[in-house]
Amino acid sequence: MFTGIVEEIGFAKEAVHGHLVIEAGKISHGINRGDSIAVNGVCLTVVSSRDNRFETDVMLETLR
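Below or above, wherever it landed, is the structure these notes cover.

Thresholds, definitions, all that
- Residues numbered from 1 in each chain as written.
- Predicted model: local features only at pLDDT ≥ 70, side-chain atom pairs only at ≥ 80, totals over all residues.
- Heavy atoms only, no water.
- Pairing = 2+ DSSP bridges.
- Helix = DSSP H or I, 4+ residues; strand = E, 2+ residues; numbered from the N terminus.
- Axes fitted to C-alpha atoms, helices over the stretch in contact; angles between N-to-C directions.
- Salt bridge = Lys/Arg side-chain N within 4 Å of Asp/Glu carboxyl O.
- Buried < 20%, exposed > 50% of the residue type's maximum accessible area, 1.4 Å probe, protein only.
- Core = buried A, V, L, I, M, F, W, Y, C linked by side-chain atoms within 4.5 Å.
- Contact = heavy atoms within 4.5 Å.
- Polar contact = N/O pair within 3.5 Å; in protein donor to acceptor, adjacent residues only side chain to side chain.

Let's talk about the sheet that holds strand β5 (residues 53-57)
- Spatial ordering of the open sheet is given by β1-β2-β5-β4-β3, a layout of five strands whose pairing is antiparallel. Of all strands in the sheet, those bounded by a partner on one side alone are β1 (11-16) and β3 (36-39). Across the sheet, the axes of successive neighbouring strands diverge by a mean angle of 40°, strand direction being ignored.
- Sheet topology places β1 next to strand β2 (residues 19-23); five bridges connect them, and they run antiparallel. By the bridge assignment, Glu14 is partnered in β2 with Val21.

The structure is reproduced here in structure tokens:
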């Protein structure tokens with residue numbers, strides 16, 4: 001459920017071939033595969049997380 005609360009400002013670290021990696025140290029430790037994260041108004045599904053980053057799959061239109 002979207003609460004509308006901004007927890008952190010993250011940084012896009014990699015965006016290639018339908019794959020987006022976002023660095024977000026605060027929330028990365030509490031998320032799991034399958035979680036939905038709102039990124040600039042777009043809900044993205046976490047496919048993996050490690051260290052201070054999480055990764056999502058995105059369509060090319062979303063990357064644009």
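Now that the structure has been shown, we can carry on.
Side note on the pattern of salt bridges
- All told, the structure shown has two salt bridges when counted by the stated rule.
- When the shortest N-O distance is used, the salt bridge between Glu23 and Arg53 registers 3.7 Å. A residue pair is termed long-range when its members are at least 10 positions apart, and Glu23 in strand β2 and Arg53 in strand β5 qualify at 30 residues.
- For Arg50, the salt bridge goes to Glu55, with nearest N and O atoms at 2.0 Å.
- In this structure Arg50 comes out as partly exposed when scored by relative accessible area, which is 47%.
- Assessed through its relative accessible area of 10%, Glu55 is described here as buried.

Some remarks on the nonpolar core
- Formed by Leu20, Ile22, Ala24, Ile27, Ile31, Ile37, Leu44, Val46, Phe54 and Val58, the largest nonpolar core amounts to 10 residues.
- Of all elements in the fold, only β2 and β4 (42-50) reach the threshold of two or more residues within this core.
- Leave out the neighbours within four places in its chain, and Ile37 touches Ile27, Ile31, Val42, Cys43, Leu44, Val46 and Phe54.

Concerning the environment of Glu8
- By the element assignment, Glu8 lies in the segment before β1.
- A relative accessible area of 27% places Glu8 in the partly exposed class.
- Once residues lying within four places of it in the same chain are set aside, the contact partners of Glu8 are Ala24, Gly25, Lys26 and Ile27.
- Only 3.0 Å separates the side chain of Glu8 from the backbone nitrogen of Gly25, close enough to count as a polar contact.
- Here Ile27 takes part through its backbone nitrogen, which lies 2.9 Å from a polar atom of the side chain of Glu8.

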